[in-house]
Amino acid sequence: MVKVIGVKFRNSGRIYYFDPGELDIQAGQGVVVETARGVEYADVTMGVTEVEESAVVSPLKPVQRVATEEDRQMRQYYWDKEKEAFPICEQKIREHGLDMKLVNVEYNLTGSKVVFYFTADDRVDFRELVKDLAYVFKTRIELRQIGVRDEAKMLGGLGPCGRPVCCKQFLDDFRPVTIKMAKEQNLALSPTKISGLCGRLMCCLQYEESCYEQMHKLMPKTGKEIETPDGVGIVVENNVITEKTRVKLTQEDGTIDIREYPYEDLGPGARERALERAAQAPAEAQEDGDGFTPLQQSGMTRQNRNRQPRRSAAEQPKPQPKGEKSQQNRGDRNQNQNRGNKGSKEKQTKPDAPVPKIEGGVSPASVAAPETGTATVPFSRKRRPNYRRRSFGPKTPTGQK
């Protein structure tokens, strides 16, 4: 185990390890370290910890000192000078007519060296440009050509997902990304959808590549015949995210049906496994409360508790005649009227008039009315003839055309 601290330079995503020595350094402080570019100011992101020797690149460089307030002021001073040096270098590039694009300018902590980063399609002869820049800035000049991915990492921005680009946020190194990764993930091969800000394939295509490769090995191949719980069919499509496979089945009447199954339910013996699960389902449902969830069971218990017990046929109240009322209901109604209207006289309800009885069991409504001298004319729905003139032109005398 080796004691190290983790630092970052200029808010980059990569963490570099340095030897803290005897210094007590905490996360959030600043330190001054020696790098290949010279003396640099770095922000501590990880305090003194112990890591495996295999995770450290030997030799491990020591920390010179903990940054002071003077070091912070010096860093801010040269950050301001970088903004002034950028337009000057662009003007010199135009004067020399060089086909190159300036990306960024960086000073080291002491100002003894300034680095100009640029991108170009081909090699550029910038020897005369270096001489002019050295004459203007009076310090050591270095021009470094970088790729388009390094440019996106240095400048940053928002990716198609709406988040800051990964290379600026946390990626420490670029890994190769191929078009095969996009094909295995069933992505649209449109360059605008699978390319990042740098114009290259997005780095996030490799994040889930191992998962897709593993699932493609487990799931059946497209176009292959396979046994399903409903018979033998042909694999149409595999969905790695849902882990389901779409299969085309031919029915007995000749129709084609496409169904979706979990890939684990496909293969030899699929029908037998489906029948076993169907046989076990009623027993499992009985053990779990007839297939109801605990919330549904509690609701059913509450409904049964509120429900009144069902009466037997002997306990059911007998239906009363339509024209008569029970004495109990009549007494309850009179009692309610007395409560609502205190001091008022009770209204006497007249008993229902007796229904006249006719001999022969014929109801009064069925008795024919006596015939009178007036005759009733039956209503006719027949449409009356329309004798109105249909044409609206001028009338012609008889015999003329």
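Conventions used here
- Residues numbered from 1 in each chain as written.
- Predicted model: local features only at pLDDT ≥ 70, side-chain atom pairs only at ≥ 80, totals over all residues.
- Heavy atoms only, no water.
- Salt bridge = Lys/Arg side-chain N within 4 Å of Asp/Glu carboxyl O.
- 1 Å grid on protein atoms, 1.4 Å probe; cavity = no way out; pocket = protein on both sides within 12 Å on 5 of 7 lines; lining within 4 Å.
- Points joined across faces, edges and corners; volume = space filled by probe spheres on them.
- Helix = DSSP H or I, 4+ residues; strand = E, 2+ residues; numbered from the N terminus.
- Nonpolar A, V, L, I, M, F, W, Y, C, P; charged D, E, K, R; others polar.
- Pairing = 2+ DSSP bridges.
- Axes fitted to C-alpha atoms, helices over the stretch in contact; angles between N-to-C directions.
- Contact = heavy atoms within 4.5 Å.
- Buried < 20%, exposed > 50% of the residue type's maximum accessible area, 1.4 Å probe, protein only.
- Right-handed = clockwise from strand over helix to strand, strands pointing away.

Caption draft 1: Inspection of the pattern of salt bridges at higher detail. Tallied over the full model, the rule gives 13 salt bridges. Members of the salt-bridge network, linked through shared partners, are Lys113, Glu142 and Arg144.

Caption draft 2: A look at the layout of surface pockets. In this structure, the largest pocket occupies an estimated 1100 Å³ of space. Breaking the lining of the largest pocket down by element, the ones donating at least two residues are β2 (16–18), β3 (30–35), β4 (38–51), β6 (101–107), α3 (148–155) and α4 (166–169). For the lining of the largest pocket, the residue count by class is 17 nonpolar, four polar and 13 charged.

Caption draft 3: Region of interest: the sheet that holds β4. Taken in spatial order, the five strands make up an open sheet running β2-β1-β4-β3-β5, and their pairing is antiparallel. Every other strand in the sheet has two partners, leaving β2 and β5 (63–66) as the edge strands with one partner each. Adjacent strand axes in the sheet meet at a mean angle of 45° when their direction is disregarded. Sheet strands touched by helix α1 (residues 69–96): β3, β4 and β5. Its angle to β4, the strand with the most contacts, is close to 125°.

Caption draft 4: Seen up close, empty space enclosed by the protein. Within this structure, the stated rule accounts for two cavities of 30 Å³ or more. The calculated volume of the largest cavity comes to roughly 120 Å³. Taken together, Arg10, Glu40, Tyr41, Asp43, Arg75, Tyr78, Trp79, Glu82, Tyr107, Asn108 and Leu109 make up the lining of the largest cavity. Elements with a contribution of two residues or more to the lining of the largest cavity: β4 and α1. At four residues, α1 tops the list of elements feeding residues into the lining of the largest cavity. The class makeup of the residues in the lining of the largest cavity is five nonpolar, one polar and five charged. Considering only enclosed or pocket space, the second largest cavity measures out at about 40 Å³ in volume. In terms of lining, the second largest cavity is formed by Arg37, Glu40, Glu106, Tyr107, Asn108, Lys113 and Val115. Mapped by element, the contributors of at least two residues to the lining of the second largest cavity are β6 and β7 (113–119). Class assignment for the residues of the lining of the second largest cavity results in two nonpolar, one polar and four charged.

Caption draft 5: Fine view of the environment of Met215. Looking at the secondary structure, you find Met215 in helix α7 (residues 209–218). The buried category is assigned to Met215, whose relative accessible area is 7%. Along the backbone, Met215 and Asn238 are 23 residues apart, and their C-alpha atoms lie at a distance of 9.5 Å. Apart from the residues lying within four places of it in its own chain, the contact partners of Met215 are Val240, Glu243 and Tyr263.

Caption draft 6: Region of the structure containing the pairing of strand β8 (residues 140–145). With six bridges connecting them, β7 and β8 associate as parallel partners. Of the residues in β8, the one forming a bridge with Val115 is Glu142. Regarding topology, helix α2 (residues 127–137) serves as the crossover connection from β7 to the parallel β8, and that connection is right-handed.

Caption draft 7: Expanded view of the pairing of strand β10 (residues 231–239). Pairing analysis gives four bridges linking strand β9 (residues 225–228) to β10, with the strands arranged antiparallel. From the neighbouring strand, Ile226 faces β10, where its bridge partner is Gly233. In sequence, β9 turns back onto β10 through a hairpin of two residues. With six bridges connecting them, β10 and strand β11 (residues 244–250) associate as antiparallel partners. In the strand pairing of β11, Asn239 is matched with Lys244.

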